[in-house]
Amino acid sequence: MANVLSKQKIKPLFIGFGNQAHEYAKVLRFLNIKISAVCVRNLNKDKNKIDRFKIKHRFSSINKALSSKTYNCVFVFLPWYIIDKKIIQILKNTKKVIFCEKPIALSYQKIKKIELISNKYNKNLFILYNRRFYYTLKFLEKRIENNMKVEIIIPEKIKKIVQLLGKKIEGKIKYHYSSHWIDYFKFLFKSKIMKIMKKGNKFLISLNNTFKNKKIEIEFFYSERDRIFASFTTKKRILKLDSLELLYEFSNKKKIFVKKIDETKMNRFKPGVLNLIKDILNKNFSRFVKINELANDYFYLKKLPH
């Protein structure tokens, strides 16, 4: 992976320039990195946004953008329901590294096809799960112990997501959102999904760390009210997450939980994105989600109903 980006300074091509692209563009500008090229369907409609970031090379055709010599890496920021319709075209028409926003696919069959094409044409395909770059996760990584007692609860909000994205997200929430939350804990414990079992109105998701032989179980269900919660108990400390953005540690002196990390206040930009871009600049790809890993997740996630 050391030669994924051969040049010292990246020259990104953005395919799509919606809200997510804008968040990444702000980070790149902060780091004094210019977006080299952009490809959008309607250049006139997006002209003001593109002008704001002084992007020189502009395309309305994906193939023309990819065949140009204006870039050395690709960021895919297409709408969530279009990515898996275009990603194979992108894979076939560039040899450069690709960083793709989620969801890269909306079914297990489609991600297996993408995996096959990726292996054939371009093995350097990474999916942007920004929560792997949270400060909360990095804080917890240093405090994970073998004998730690772990409780993880993930409630998924169906109605809220459907209101936000429309009815076309129904049946695909598991690939767009649920995979993101589960991946946080999967990556934290350096584990794989081993089993998903229905129990009443809940699902038990088993993770297995093959290196330490540690089994972790996630309680997953659908709720419009609850938030993600996780507790981590050792002989020395008790830590808890209230959503993935807020982390607390129990103070034996004060006898209360004290807030240690608030992602929304620690980040000048969308949480995780600055750390993600810094890893790209440092050619460190160990935290990035790879297509074969995600395909394995989809094999189990397809069992979820929403």
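Here is a short report on the structure shown in this document.

So, how was this worked out
- Within each chain, residue numbers correspond to sequence positions counted from 1 in written order.
- Only residues with pLDDT of at least 70 get local features here, since the model is predicted, and only at 80 or more are side-chain atom pairs given and counted; chain-wide, interface and lining totals rely on the full set of residues.
- Note: side-chain values were computed over all heavy atoms of the structure, leaving out hydrogens and water.
- The buried label applies to any residue whose accessible area, calculated with a 1.4 Å probe on protein chains only, is under 20% of its type's maximum; exposed applies above 50%, and partly exposed to all values in between.
- Secondary structure elements are defined from DSSP: runs of H or I of at least 4 residues count as helices, runs of E of at least 2 residues count as strands, and each element is numbered from the N terminus.
- The contact criterion used is simple: two residues touch if any of their non-hydrogen atoms lie within 4.5 Å.
- DSSP bridges decide pairing: two strands pair if at least two such bridges lie between them.
- For every element, the axis is a line fit to its C-alpha atoms; helices are fit only across the contacting stretch, and the angle between N-to-C directions ranges from 0 to 180 degrees.
- Only Phe, Tyr and Trp rings take part, Trp by its six-membered ring, and two of them pair if their centres are within 6.5 Å. Stacked means planes under 30 degrees apart, edge-to-face means over 60, and tilted covers everything else.
- Any Lys NZ or Arg CZ found within 6 Å of a ring centre and within 35 degrees of that ring's normal is scored as a charge over the ring.

**As for helix H11 (residues 291-301)**
Residues spaced three or four apart along an α-helix point in a common direction, a consequence of the helix completing one turn every 3.6 residues.
Working step 1: The set of residues buried in H11 consists of Ile 291, Leu 294, Ala 295, Asp 297, Tyr 298, Tyr 300 and Leu 301.
Working step 2: Lining the buried residues of H11 we find helix H5 (108-121), strand E6 (125-128), helix H8 (173-188), strand E8 (192-199) and strand E15 (289-290).

**Some points on the sheet that holds strand E11 (residues 229-233)**
Working step 1: Strand order in the open sheet made by the 8 strands is E8-E9-E10-E7-E11-E12-E13-E14, with mixed pairing throughout. In this open sheet, the two edge strands, each paired with only one partner strand, are E8 and strand E14 (256-262). Pairwise comparison of adjacent strand axes, ignoring direction, gives a mean angle of 20° for this sheet.
Working step 2: Alignment of strand E9 (residues 202-209) against strand E10 (residues 214-222), held across 7 bridges, turns out to be antiparallel. Within the sheet, the bridge partner assigned to Ile 205 lies in E10 and is Ile 218.

**A look at the packing of aromatic side chains**
Working step 1: Inspection of the entire model under this criterion finds 25 aromatic pairs.
Working step 2: The interplanar angle of 50° and the centroid separation of 6.4 Å between the aromatic rings of Tyr 24 and Phe 75 together place this pair among those described as tilted. With Tyr 24 in helix H1 (residues 19-30) and Phe 75 in strand E4 (residues 73-76), the pair connects residues that are 51 residues apart, well separated along the chain.
Working step 3: We classify Phe 75 as buried; its relative accessible area is 0%.
Working step 4: Aromatic side chains Phe 189 and Phe 232 sit 6.4 Å apart centroid to centroid with 35° between the ring planes, which places their arrangement in the tilted category. With Phe 189 in the loop between H8 and E8 and Phe 232 in strand E11, the pair connects residues that are 43 residues apart, well separated along the chain.
Working step 5: Grouping aromatic residues by their ring pairs yields a cluster made of Phe 14, Phe 17, Tyr 24, Phe 53, Phe 75, Phe 77, Phe 99, Phe 126, Phe 133, Phe 285 and Phe 288.
Working step 6: The residue whose ring lies beneath Lys 102 is Tyr 177, and the NZ or CZ to ring-centre distance is 5.1 Å.
Working step 7: Residue placement shows Lys 240 over the ring face of Phe 257; its charged tip is 4.4 Å from the ring centre.

**Some words on the environment of Cys 39**
Working step 1: Topologically, Cys 39 is positioned in strand E2 (residues 37-39).
Working step 2: Owing to a relative accessible area of 3%, Cys 39 belongs among the buried residues under this scheme.
Working step 3: Considering only alpha carbons, one finds Cys 39 and Asn 63, 24 residues apart in sequence, at a separation of 9.6 Å.
Working step 4: Sequence-distant contacts of Cys 39, defined by excluding residues within four places in its chain, comprise Leu 13, Phe 14, Ile 15, Gly 16, Phe 59, Ser 60, Ser 61, Ile 62 and Ala 65.

**Concerning the environment of Glu 141**
Working step 1: Of note, Glu 141 is situated in helix H6 (residues 135-141).
Working step 2: What makes Glu 141 partly exposed here is its relative accessible area of 24%.
Working step 3: Sequence separation of Glu 141 and Leu 188 is 47 residues, and the distance between their C-alpha atoms is 6.1 Å.
Working step 4: Non-local contacts of Glu 141, meaning those with residues more than four positions away in its chain, are made with Phe 187, Leu 188, Lys 190 and Arg 287.

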